[in-house]
Amino acid sequence: RLDRNDSKLRTFTLWMKQRLAIGSALLNDPQILILDEPTNGLEPQGSHQIREIIKRFASLGTSILLASHLLDEVEKVCSHVVILRKGASLYVGSVDGMNASHGFFILETEDMDGLKKVLESMDSIGKIKSENGRLIAYLEEAMEPSELNRLLFDKGITLSHLVKQKESLEEQFLEITNNLN
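Criteria and cut-off values
Residues numbered from 1 in each chain as written. Predicted model: local features only at pLDDT ≥ 70, side-chain atom pairs only at ≥ 80, totals over all residues. Heavy atoms only, no water. Phe/Tyr/Trp six-rings, centres within 6.5 Å; stacked < 30°, edge-to-face > 60°. Helix = DSSP H or I, 4+ residues; strand = E, 2+ residues; numbered from the N terminus. Buried < 20%, exposed > 50% of the residue type's maximum accessible area, 1.4 Å probe, protein only. Lys NZ or Arg CZ within 6 Å of the ring centre and 35° of its normal. Patch = residues over 30% accessible without salt bridge, like charges linked within 9 Å, V, L, I, M, F, W, Y side chains within 5 Å. Areas by Shrake-Rupley, 256 points an atom, 1.4 Å probe, with all protein chains shown as cover. Salt bridge = Lys/Arg side-chain N within 4 Å of Asp/Glu carboxyl O. Pairing = 2+ DSSP bridges. Axes fitted to C-alpha atoms, helices over the stretch in contact; angles between N-to-C directions. Polar contact = N/O pair within 3.5 Å; in protein donor to acceptor, adjacent residues only side chain to side chain. Contact = heavy atoms within 4.5 Å.

**Student:** In this structure, what is going on with the packing of aromatic side chains? I would like to understand it.
**Tutor:** The geometry of an aromatic ring pair is captured by the separation of the ring centres together with the interplanar angle, meaning the angle of the planes. Inspection of the entire model under this criterion finds one aromatic pair. Both rings, one in Phe104 and one in Tyr138, keep their centres 5.3 Å apart while their planes meet at 40°; by these two values the pair is tilted. Of the two residues, Phe104 sits in strand β5 (residues 104-109) while Tyr138 sits in strand β7 (residues 134-139), which places them 34 residues apart along the sequence. Tyr138 shares its class with Phe104; the two are buried. Its end group placed over the ring of Tyr138, Lys127 keeps NZ or CZ at 4.7 Å from the ring centre.

Written out as structure tokens, the structure is:
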């Protein structure tokens, strides 16, 4: 009754087929499972379910090699990452290690030129760029928003906007790969 089985499989949704494929790959309790874009084309609920299956089996000791261009997914599921470009390894290490940047501040004030000059004189600030009428200042070392706010206030700069953010894995990836263009 193979024809009937094929017919039923065609009626499965994409996420059901993905779950079936992962489940069949896990039947023999493999030490390593290689997955290529396991959530490709899935709706958010299906993607979440596949990620949970992957995390569950990884926690039980199965090593999982996941190829994906969805860096948000990599950040949510993986412990280690390898970035490849044209067969060359650009980064190998833990996801946490890659995300170990100190983040950046998004800043706005009435005196944007004065703000930029003060930021350029600070050793703890690296690259500075302008975006949507605000300055983005990347940190070279750890700094809390209250500390930056106090330092700028002492220099006569009163901020109307101050937000600290951490660089995402995607931003880190773009930084690594843009250095090669």
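**Student:** Help me understand a nonpolar patch on the surface in this model?
**Tutor:** Nonpolar side chains collect at one region of the surface, where Ile32, Ile34 and Leu65 lie side by side and expose about 340 Å² of accessible area between them. Position of Ile34 relative to the elements: it lies in strand β1 (residues 32-36). Judged by its relative accessible area of 63%, Ile34 falls in the exposed class.

**Student:** Would you explain the sheet that holds strand β8 (residues 159-165) in this entry?
**Tutor:** Pairing between the strands of a sheet comes from backbone hydrogen bonds, and it takes one of two forms, parallel or antiparallel. Across the sheet, four strands lie side by side as β6-β7-β5-β8; this open sheet has antiparallel pairing. Each having just a single partner strand, β6 (125-131) and β8 make up the two edges of the open sheet. Direction aside, the axes of adjacent strands within the sheet are offset by 20° on average. Two elements, β5 and β8, share six bridges in a ladder whose sense is antiparallel. Residue pairing for β8: Glu108 is matched across the bridge by His161.

**Student:** Would you take a moment to explain the side chain of Ser68 for this structure?
**Tutor:** You can see Ser68 is positioned in the loop between β2 (63-67) and α4 (71-77). Among the polar contacts made by the side chain of Ser68, one reaches the main-chain amide nitrogen of Leu70 at a distance of 2.9 Å. Among the polar contacts listed, one links the side chain of Ser68 to the side chain of Glu73, at a separation of 3.4 Å. Once residues lying within four places of it in the same chain are set aside, the contact partners of Ser68 are Glu37, Glu73 and Val74.

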